[in-house]
Structures are given as structure tokens and as C-alpha cells.
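# An overview of the molecular structure
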Amino acid sequence: MFNRFMLIVVFVPLAVILIALAVANRDPVAFTLDPFNSGNPALTMTLPLFIFLFLALAIGMIVGSLATWIKQGRYRKLARQRGVEAENLRQAVSRAPAAQQGPSLPKPTG
């Protein structure tokens, strides 16, 4: 239900906006990597503006995702350690004889 809500409320309007942006920005623009010689053809690309906008959006999403993944690394490490500890405790409990697990509770009558 939540996924359908996200699709309708967020992604459909976002797709409409991105399509409108692409249609409105079809004119070619020059993008150069040389700040001192903008006429250098080896370091200049001429593409429609919407391609550069989409590339900037994609690169921003990738960089943001990587930054989040790196920042949360300590929590993933802690979760792995606690998972191993929990599995070790489960195995220790299953190997222990029934007599050493403590007194058993009396069965209820009635």
C-alpha cells in the first residue's frame, strides 16, 4: 500500500516534471573542462542541456548514496557482530543439557 502511495504521489509528478524539463531544454550547450581555454575542442562537449542536468542529478544521487553508506558502516559492523553473538548464544543454549538450564516449572493442573 505504501509503495503504491509513493508511486502515485512522488514518482509520477517527478516523472512529469523531468519530462517537461527535458522537452524545454533541448538546445545544445557547450560544456568545457578547461576553465582557461573554453575553445579547446578536446575538452569540450556539446550536448542538449537536459542531458547535463540528468547527469548532474545521477552523480549527486550516487555520491549521496555512497556518503550515506560509508557513514552508516559502523552500524552495519555492530549489527554483524551482534548477529554472530546471538548465533553463538543460540548454539550454546541448544548444546546445554536440559538439567543445566534451570528448574522446570510445574505443569499447571486443571
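Values in this document were obtained by computation on a predicted structure and should not be read as measured data.

## Observations concerning the overall build of the chain
Along its length, the chain carries 3 helices and 2 strands. In the chain, the succession of α and β elements from N to C terminus is α-β-β-α-α. A globule of 110 residues ought to have a C-alpha radius of gyration of about 13 Å, yet the chain, at 29 Å, is considerably larger. In terms of its C-alpha atoms, the chain occupies a principal-axis envelope of roughly 90 × 40 × 15 Å. Sorting the 110 residues of the chain into buried and exposed places 4% on the buried side. Restricting the contact set of the chain to residue pairs at least 6 apart, pairs at least 24 apart contribute 25%. Surface summary for the chain: the accessible area is close to 9,900 Å², and the carbon and sulfur share equals 69%. Mean positive and mean negative side-chain charge positions of the chain (11 and 4 charges, respectively) differ by 17 Å.

## Side note on a nonpolar patch on the surface
There is a patch of nonpolar side chains on the surface, built from Phe2, Phe5, Leu7, Ile8, Val9, Val10, Phe11, Val12, Leu14 and Val16 and spanning about 930 Å² of accessible area. Tracing the backbone shows Leu7 in helix α1 (residues 2-24).

## Description of the packing of α1 against helix α2 (residues 49-71)
Put simply, α1 and α2 touch, their axes get as near as 7 Å, and they point 140° apart. By the angle between their directions, the pair α1 and α2 is classed as oblique. Contacts between α1 and α2 involve Leu18, Leu21 and Ala22 on the former and, on the latter, Phe50, Leu53 and Phe54. In terms of residue class, the contact of α1 with α2 is built from 6 nonpolar, no polar and no charged.

## Structural notes on the environment of Leu53
Looking at the secondary structure, you find Leu53 in helix α2. Since its relative accessible area comes to 34%, Leu53 is described here as partly exposed. In the structure, Leu53 is positioned 19 residues away from Gln72 in sequence and 29 Å away in space, judged by C-alpha atoms. When neighbours within four sequence positions are excluded, Leu53 is seen to be in contact with Leu21 and Asn25.

Quick notes on the rules
Residues numbered from 1 in each chain as written. Predicted model: local features only at pLDDT ≥ 70, side-chain atom pairs only at ≥ 80, totals over all residues. Heavy atoms only, no water. Helix = DSSP H or I, 4+ residues; strand = E, 2+ residues; numbered from the N terminus. Rg over C-alpha atoms; globule rule 2.2 N^0.38 Å. Buried < 20%, exposed > 50% of the residue type's maximum accessible area, 1.4 Å probe, protein only. Contact = heavy atoms within 4.5 Å. Areas by Shrake-Rupley, 256 points an atom, 1.4 Å probe, with all protein chains shown as cover. Lys, Arg positive; Asp, Glu negative; His and termini not counted. Charge placed at Lys NZ, Arg CZ, Asp CG, Glu CD. Patch = residues over 30% accessible without salt bridge, like charges linked within 9 Å, V, L, I, M, F, W, Y side chains within 5 Å. Salt bridge = Lys/Arg side-chain N within 4 Å of Asp/Glu carboxyl O. Axes fitted to C-alpha atoms, helices over the stretch in contact; angles between N-to-C directions. Parallel < 35°, antiparallel > 145°, perpendicular 65-115°, else oblique. Nonpolar A, V, L, I, M, F, W, Y, C, P; charged D, E, K, R; others polar.

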